[in-house]
Each structure stands twice: as structure tokens, then as C-alpha cells.
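Working through the structure, step by step
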Amino acid sequence: MATIKTIGILTSGGDAPGMNAAIRAVTRAARYNGWGVKGIMRGYKGLITNEIEEFYSNSVSNIIQRGGTILKTARCKEFMTEEGRTLAYNNMRAAGIDALVVIGGDGTITGAKVFAEQFDIPIVALPGTIDNDLSGTDTTIGYDTALNTIVEAVDKLRDTASSHERLFFVEVMGRHAGYLALNGAIASGAEAAIIPESATGDDQLKTLIDNGFRKSKNSAIVLVAEDPATGGAMGLAERVKNEYPQYDARVTILGHIQRGGSPTAADRILASRLGAAAVEALKEGQRNVMVGLKNGELVYTPFCQALSKTKSIKQSNVELVKMLSI
Ligand code: ATP
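Residues numbered from 1 in each chain as written. Predicted model: local features only at pLDDT ≥ 70, side-chain atom pairs only at ≥ 80, totals over all residues. Heavy atoms only, no water.

Inspection of the entire model under this criterion finds five aromatic pairs. An angle of 5° between the planes, with centres 4.1 Å apart, marks the rings of tyrosine 89 and phenylalanine 119 as stacked. In this pair, tyrosine 89 is assigned in helix H3 (residues 82–94) and phenylalanine 119 in the loop between helix H4 (106–118) and strand E5 (123–127), connecting sequence segments 30 residues apart. You can call phenylalanine 119 buried: its relative accessible area is 15%. Relative to phenylalanine 119, the ring of phenylalanine 115 has its centre 5.7 Å away and its plane inclined at 75°; by these criteria the two rings are edge-to-face. One aromatic cluster is present, built from ring pairs that chain together Tyr44, Phe79, Tyr89, Phe115 and Phe119. For the cation-ring pair, lysine 311 lies above tyrosine 179, with the distance from its terminal atom to the ring centre recorded as 5.3 Å. (Phe/Tyr/Trp six-rings, centres within 6.5 Å; stacked < 30°, edge-to-face > 60°. Helix = DSSP H or I, 4+ residues; strand = E, 2+ residues; numbered from the N terminus. Buried < 20%, exposed > 50% of the residue type's maximum accessible area, 1.4 Å probe, protein only. Lys NZ or Arg CZ within 6 Å of the ring centre and 35° of its normal.)

Another aspect to go through is the packing of H3 against H4. Put simply, H3 and H4 touch, their axes get as near as 11 Å, and they point 75° apart. Here H3 is positioned roughly perpendicular relative to H4, judged by the angle of their axes. Here H3 contributes Glu82, Arg85, Thr86, Ala88, Tyr89 and Met92 to the contact with H4, which in turn contributes Val114, Phe115 and Gln118. (Axes fitted to C-alpha atoms, helices over the stretch in contact; angles between N-to-C directions. Parallel < 35°, antiparallel > 145°, perpendicular 65-115°, else oblique. Contact = heavy atoms within 4.5 Å.)

Turning our attention to the sheet that holds strand E6 (residues 167–172). Strand pairing in a sheet relies on backbone hydrogen bonds, with the paired strands running either antiparallel or parallel. One open sheet accounts for four strands, arranged E7-E8-E6-E9; its pairing is parallel. Only two strands of the sheet have a single neighbouring strand rather than two, namely strand E7 (192–194) and strand E9 (249–253). With direction set aside, neighbouring strand axes in the sheet form an average angle of 25°. Summarising the sheet, E6 and E9 pair through five bridges and their orientation is parallel. Paired with phenylalanine 168 across the bridge in E9 is arginine 250. (Pairing = 2+ DSSP bridges.)

It is worth spelling out the pattern of salt bridges at this point. One pass over the full model with this rule turns up 13 salt bridges. Salt-bridge contacts for glutamate 243 lead to arginine 239; the nearest nitrogen and oxygen are separated by 3.0 Å. Of the two residues, glutamate 243 and arginine 239 both sit in helix H8 (residues 232–243), four residues apart, roughly one turn of that helix. Look at arginine 239 and you get partly exposed, because its relative accessible area is 23%. (Salt bridge = Lys/Arg side-chain N within 4 Å of Asp/Glu carboxyl O.)

On to the site of the ligand, then. As a structural note, the neighbourhood of the ligand is formed by 16 residues, with Arg75, Cys76, Asp106, Gly107 and Thr108 the closest of them. Within the backbone of glycine 105, an N or O atom sits 2.9 Å from an oxygen atom of the ligand. Taking threonine 129, its side chain carries an N or O atom lying 3.3 Å from an oxygen atom of the ligand. In isolation the ligand offers 620 Å² of accessible surface; the protein chains occlude 82% of this area. Among the cavities detected, the one that contains the ligand is the largest pocket. Top contributing element to the shell around the ligand by residue count: H4, with six residues. (Near = heavy atom within 4 Å. Polar contact = N/O pair within 3.5 Å; in protein donor to acceptor, adjacent residues only side chain to side chain. Areas by Shrake-Rupley, 256 points an atom, 1.4 Å probe, with all protein chains shown as cover. 1 Å grid on protein atoms, 1.4 Å probe; cavity = no way out; pocket = protein on both sides within 12 Å on 5 of 7 lines; lining within 4 Å. Sits in = over half its atoms within 2 Å of the grid points.)

According to the domain assignment, the protein chain contains domain 1 (6–142 + 263–306) and domain 2 (144–259). Inter-centroid distance (C-alpha atoms) of domain 1 to domain 2 is 33 Å. Facing the 13 residues of domain 1 at the interface are eleven residues of domain 2. Summed over both sides, the interface of domain 1 with domain 2 buries roughly 1,000 Å², with 54% coming from carbon and sulfur. When the area that domain 1 buries against domain 2 is broken down by residue, the three leading residues are Ile130, Asp131 and Thr264, summing to 46%. Inspection of the domain 1/domain 2 interface yields zero salt bridges. On inspection of domain 1 and its partner domain 2, the count reaches eight residue pairs in polar contact (both at pLDDT 80 or more). Its residues assigned to classes, the side of domain 1 that touches domain 2 comprises four nonpolar, four polar and five charged. (Domains from an automatic or database assignment. Buried area = accessible area lost by both parts, 1.4 Å probe. Nonpolar A, V, L, I, M, F, W, Y, C, P; charged D, E, K, R; others polar.)

Time to look at the environment of arginine 28. Here arginine 28 lies in helix H1 (residues 19–32). Judged by its relative accessible area of 28%, arginine 28 falls in the partly exposed class. Expressed as a C-alpha distance, the spacing of arginine 28 and serine 57, which sit 29 residues apart in the sequence, is 5.7 Å. Discounting chain neighbours no more than four positions away, the residues touching arginine 28 are Ser57, Asn58, Val60 and Ser61. Looking at arginine 28, its side chain comes within polar contact range of the side chain of serine 57, at 2.8 Å.

Laid out in C-alpha cells, this is it:
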């Protein structure tokens, strides 16, 4: 195995609060170990367009508290082609980069896996996505901040919902993962969560209405994952209008507001630990693994495993929402 002298770092896919804390940790830990660091702009796109900068310790000063990513991020179709990845590899080698740390969601890790299969490069990935949909880690970087943003928004909506006695559908992110909706519902005291994981064979709206939401109150807040199968909050509100016209349903879509803002302490600590662990992993000769935190311990999960296993939600939490909303 060739010795590593310089690593490259990039953020890719959707931005997530805490990515900057991770960039800082990777840069500082690498410098601490005497390695050079190159910051790659705009994810895989920057490897192809050769937007690669030298990163020093002070390149990452004063960013731990900032949302977004100073490296910018992008979605890059060209990297999905062999030619695109060849260009990326040639630029990477010309910049003297021996190994990569990539920060992003499942798409980013899929890209890293494909890249490492085509070329012999050590890559370590950090889970950076608000959806928390990656197995191999209890939580992903950005998830806790997004959850807190949702709770803050729902607390505000509650005032209007109860004053007007309405049924509010609040749509949160997570096309295939109900983590934000379910735990957002628990944390905000919402009456229900409608999530993709519970969709199989169950009409969650019908169950909710049939069971009667919060019998002691005339208003309800339901957190809804942006699932195309239900049509999200808009789809559900439309159904209420047609099928249950006795209810006054309203929709709030939180959208990109969930990605923004200063990362919580939990996300900063997670990102700092994982960032330093990524450098440690490369030092140990690990390659093509995602670094995560499970039960407080750092764990390495091979890319194929991190991608193939679906992270199931806790069924007991689904029951908890039901139990606490009577
Ligand atoms: P989020 O969870 O926030 O959506 P993500 O990392 O899953 O983040 P994607 O847009 O799915 O975001 O993926 C990011 C990038 O990873 C893509 O734009 C592409 O450049 C690369 N990528 C994804 N899948 C592949 C693949 N099969 N082959 C090569 N590259 C890929």
C-alpha cells in the first residue's frame, strides 16, 4: 500500500449542517498527522473540472458554527460515467492526492464505491445527510440540527392549529426514510407521523381518521415524510378534502429550511469525531469504508454494507407516537 502524503476532501449531494465541522476536523486531523490537504470544490464535479485548492489549518477557521459547506456541493451526472471518473482520477493524481475523504449521503457513497472499483484509491466516507437514512451509524451529520429545526417550526404551527381547530399536515424531508417525521413527531408532541416505512399495506390516513386523532382536542398536527407514494402533505390534504370533508386540513411544507442553520452541539461533536476518525482510518490502512458512530463507539462499515442494508426505524417509536397522542 502506497503511503499517504496528501488527502483530498469533498462534500457532495445535499448540504447538511455540520458538514463544515467535518471538513474542519478532517483538515486539522490530517495536518496534525503531517499530511497535506486539498479541498475539492463542488463535490465530484470539482474533481472533473479541477477545482482543487490547498487547504491549511486556517482554511477551516471559524466555520464550525456555520451551516452549508464551504467546499460547496453539487450533483454531478458526469461522474456517473467511466470517462468522467477517469478525468476525475487524472486531476486527483496530478494534484498529488493519494486518498479521499467524501462527505455526503447514499449517492455520494455509491459514487465513492464505483470510483474505488475503477481505480485503486483509498476512500473513506462520512455520513452527511439530514435524512439519517444510512446504516452503519446511529445518526448522520445534519440530522439532529434538522430535527431541531422541525421541532421549532411545529411549536409555532401549534399555536395556529389549536386556535383555529385545524388539522395540519407538516411535510418534512425523507423520501424513503421516516426518521425526521417520526422523531420530529415525538419531539414536538405531534398527533401522528405518516412515514414511508409504515406504508406497506396500511392506509395511514384512514387509520388516523378512523382512530380519531387526539380526542381531547379539536386540532391535530401530523408530520408527513415527503413520500411520493402518499403525495406528501399536499396529497394527504387533497384526500381529506374529498374523503373527510368535515375536517379543515392545512399544509405546511418545511422544505429547504430544514437543511439550513447553525449545527447543534450534537452535530458538531459527531462531525468532529467522525472527521478525526476518517483520518485515523486512512492511517490504519482502512479503505472504502464509511465511518459511523454506533452506541457511542466509532465503527467502520464497508461501502457495500452501508448502502445495501436499510436502516429500519424503531417500531416502538411508532407505537410511542400513538400512545402519547391519545
Ligand atoms: P442526499 O442524501 O442529501 O440526497 P446524496 O449523497 O445521496 O445526498 P446524490 O445526489 O444522490 O446525493 O449523490 C451525489 C452525487 O454522487 C451524484 O451527483 C453523483 O455525482 C454521485 N453518484 C451518485 N450515484 C452514483 C453512481 N451510481 N455512480 C457514480 N457516481 C454516483
